[in-house]
Amino acid sequence: MSHDSRPSPPDPAAPGAAGPGAGTPTALIAVAWLWVGAPLAYGLYELVQKATQLFTG
């Protein structure tokens, strides 16, 4: 008899398993995107303003 020493895959129906409704809350994801996206958008806006001044005199 051979014994399979590999671990079995997790049971999708088990508590704590990833699935519908599991994971990071949507509000937290939205706040994280704003936390990064707002300064990025401001920086790009400033870049365009300064590039326009540089190339138009």
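Above this note sits the structure.
Here goes a summary of the coordinates provided.

Cut-off values and rules
Residues numbered from 1 in each chain as written. Predicted model: local features only at pLDDT ≥ 70, side-chain atom pairs only at ≥ 80, totals over all residues. Heavy atoms only, no water. Helix = DSSP H or I, 4+ residues; strand = E, 2+ residues; numbered from the N terminus. Buried < 20%, exposed > 50% of the residue type's maximum accessible area, 1.4 Å probe, protein only. Patch = residues over 30% accessible without salt bridge, like charges linked within 9 Å, V, L, I, M, F, W, Y side chains within 5 Å. Areas by Shrake-Rupley, 256 points an atom, 1.4 Å probe, with all protein chains shown as cover. Salt bridge = Lys/Arg side-chain N within 4 Å of Asp/Glu carboxyl O. Expected span 1.5 Å × (residues − 1). Bend = angle between axes of the 7 residues up to and from the residue.

Side note on the overall build of the chain
When you go through the chain residue by residue, the secondary structure sums to one helix and zero strands. A buried classification covers 0% of the 57 residues belonging to the chain.

Looking at a nonpolar patch on the surface
A cluster of nonpolar side chains, namely Leu 40, Leu 44 and Leu 47, defines an oily patch on the protein surface of about 300 Å² accessible area. One can find Leu 47 in helix H1 (residues 26–56).

Some details on H1
Taking 1.5 Å per residue as the helical rise, H1 with its 31 residues ought to reach 45 Å, and the 43 Å between its terminal C-alpha atoms agrees with that figure. Along H1, the sharpest kink reaches roughly 25°, centred on Gly 37 and followed within four residues by the proline Pro 39. Counting buried positions over the 31 residues of H1 gives zero, only a small fraction of the element. Just downstream of H1, Gly 57 is the residue with a positive phi angle, here 95°.

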